[in-house]
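Chain by chain, the residues run as shown.
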Amino acid sequence: MRRTPNWIVIMAAVVVLGGAGLVFKGLIGSQGETATFLTGNATSASPAGPSPEELARAERAKRVKALDAALTKYAATVPGFAVAVLDKRTGDRYAFHGDRKFRTASVVKVQVLACLLLTRQDAGRKLTADEDAKAKLMIRNSDNDATTALFTSLGKQSAIQRCDKRLGLKHTVVNSAWGLTETTVTDQVKLLSQLVADDSPISAKGRAYARTLMSTVNPAQQWGVPAAAKAGEEFTVKNGWLARPGTSDLWIVNSVGRITGDDVDVSIAVLSHGHQTQEAGEAVIEKAVKLTRSHLRY
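Report follows, based on the coordinates.

Conventions adopted
- Residues numbered from 1 in each chain as written.
- Predicted model: local features only at pLDDT ≥ 70, side-chain atom pairs only at ≥ 80, totals over all residues.
- Heavy atoms only, no water.
- Helix = DSSP H or I, 4+ residues; strand = E, 2+ residues; numbered from the N terminus.
- Buried < 20%, exposed > 50% of the residue type's maximum accessible area, 1.4 Å probe, protein only.
- Contact = heavy atoms within 4.5 Å.
- Areas by Shrake-Rupley, 256 points an atom, 1.4 Å probe, with all protein chains shown as cover.
- Pairing = 2+ DSSP bridges.
- Axes fitted to C-alpha atoms, helices over the stretch in contact; angles between N-to-C directions.
- Core = buried A, V, L, I, M, F, W, Y, C linked by side-chain atoms within 4.5 Å.
- Expected span 1.5 Å × (residues − 1).
- Phe/Tyr/Trp six-rings, centres within 6.5 Å; stacked < 30°, edge-to-face > 60°.
- Lys NZ or Arg CZ within 6 Å of the ring centre and 35° of its normal.
- Parallel < 35°, antiparallel > 145°, perpendicular 65-115°, else oblique.
- Left-handed = near helix turned anticlockwise from the far one by under 90°.
- Nonpolar A, V, L, I, M, F, W, Y, C, P; charged D, E, K, R; others polar.
- Salt bridge = Lys/Arg side-chain N within 4 Å of Asp/Glu carboxyl O.

### Here we look at the overall build of the protein
Helices and strands together make up the secondary structure of the protein, namely nine helices and nine strands. Buried residues in the protein amount to 42% of all 298 residues. Considering only intrachain contacts with a sequence separation of at least 6, the fraction spanning at least 24 residues in the protein is 62%. By element, 54% of the accessible surface of the protein is carried by carbon and sulfur atoms, the whole surface being about 15,500 Å².

### A word on the sheet that holds strand β7 (residues 234-244)
Sheets are built from strands paired through backbone hydrogen bonds, the pairs being either parallel or antiparallel. On the basis of which strands lie adjacent, the open sheet formed by five strands has the order β4-β3-β9-β8-β7 and antiparallel pairing. Only two strands of the sheet have a single partner each, and these edge strands are β4 (93-96) and β7. For this sheet, the mean angle separating the axes of adjacent strands, direction not counted, is 5 degrees. Taken together, the 11 bridges between β7 and strand β8 (residues 250-261) define a ladder with antiparallel strand orientation. In the strand pairing of β8, Phe 235 is matched with Ile 259.

### Some remarks on the side chain of Thr 236
By the secondary structure assignment, Thr 236 is in strand β7. Once residues lying within four places of it in the same chain are set aside, the contact partners of Thr 236 are Arg 211, Met 214, Ser 215, Val 225, Val 256, Gly 257 and Arg 258.

### Description of the nonpolar core
The biggest cluster of nonpolar side chains holds 67 residues, and the ones touching the most others in it are Leu 71, Phe 81, Leu 113, Ile 268 and Tyr 298. Element by element, the count of residues in this core is highest for helix α3 (residues 108-122), at nine residues.

### Looking at helix α2 (residues 52-75)
Taking 1.5 Å of rise per residue, 24 residues should cover 34 Å, and α2 covers 34 Å from first to last C-alpha, within 8% of that figure. Burial in α2 covers these residues: Leu 67, Ala 70, Leu 71 and Tyr 74. Close packing links the buried residues of α2 with β3 (81-87), β4 and α9 (278-296).

### Re the packing of aromatic side chains
Under the criterion given, the structure shown has three aromatic pairs. Residue placement shows Lys 287 over the ring face of Tyr 74; its charged tip is 6.0 Å from the ring centre.

### Digging into the packing of helix α4 (residues 129-140) against helix α5 (residues 144-154)
Relative orientation of the contacting elements α4 and α5 amounts to 130 degrees, with a least axis distance of 8 Å. The orientation of α4 with respect to α5, classified from their angle, is oblique. In this structure, α4 meets α5 at a crossing whose hand is left-handed. Of the residues in α5, those touching α4 at Glu 131, Lys 134, Ala 135, Leu 137 and Met 138 are Ala 146, Thr 147, Ala 149 and Leu 150. Of the residues contributing to the contact of α4 with α5, the split by class is six nonpolar, one polar and two charged.

### Thoughts on the pattern of salt bridges
Per the stated rule, a full pass over the model turns up 12 salt bridges. In this structure, the salt-bridge partner of Asp 132 is Lys 136, at a minimum N-O distance of 3.1 Å. On the criterion of helical spacing, the pair formed by Asp 132 and Lys 136 is a turn pair, its members being four residues apart in helix α4. For Asp 132, a relative accessible area of 22% translates into the label partly exposed.

### Some remarks on the packing of α3 against α4
Relative orientation of the contacting elements α3 and α4 amounts to 160 degrees, with a least axis distance of 10 Å. It follows that α3 is roughly antiparallel to α4 by the angle criterion. With respect to the hand of their crossing, α3 and α4 are arranged in left-handed fashion. Contact residues: α3 offers Lys 109, Val 110, Val 112, Leu 113, Leu 116 and Arg 120, while α4 offers Glu 131, Ala 135, Met 138 and Ile 139. Looking at the contact of α3 with α4, its residues break down into seven nonpolar, no polar and three charged.

### A look at unusual backbone geometry
Even without glycine at this site, His 97 takes up a positive phi of about 60 degrees. The topology assignment puts His 97 in the loop between β4 and β5 (102-103).

Laid out in structure tokens, this is it:
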């Protein structure tokens, strides 16, 4: 008696069962391969859609792309600048010209403060009254004499460079003329993160001290990063400005700091040069900071 091929039997079963929407898996086809047979009007569940995490990543990528475009368009109309943002809540990082080097001007004073805290911590002692007074003048008033005194007592550029290495700054080169130190925005947000991270080489007491100083700067120097803070939010800041006529730097104008609130905790660094005036540089910095907030929605 002639035997009916297995596949005919299988297909007949499918036809008999008609619209039941059955799926047959694991059957062996004519060439030995695993086969799957699906009835025409199957109602099995469709593949799962994107996860919340995938949707968040897609939305983030969309915002980053839009911010890149906005900053590129703005950069074509003003002197050179770079900006970086680190979101402590999510761990997200953003940088525009993140590896481009700029002179620090007075934002290097945050590096001097961090090194002061580290070295005194290593020695197992608190700051002296004189060191405390100079640190407050250096950060709150951007006092240059106080900075030079601390810079010298710590061991000048070689000492600050060693501290920078411990703090994870990879692209910063300290200059003997401290205001001409070269750095990047990515290094600057790294430094800012070390002033708040639980695993920072700087102790909790040292981090709290730095926050106190940077949140109480002279009101006349509260421009730059604070321009992006909303009502009710807090900020820390250290700005730098330096005129270098006769060089391509012209006016160097920089701002680094942090914005915190119920739903926000970001560190921001903006470095710039080539401005005709300090005020022009401040305007560029504040525009760049506001663009990051409006697009990244932190």
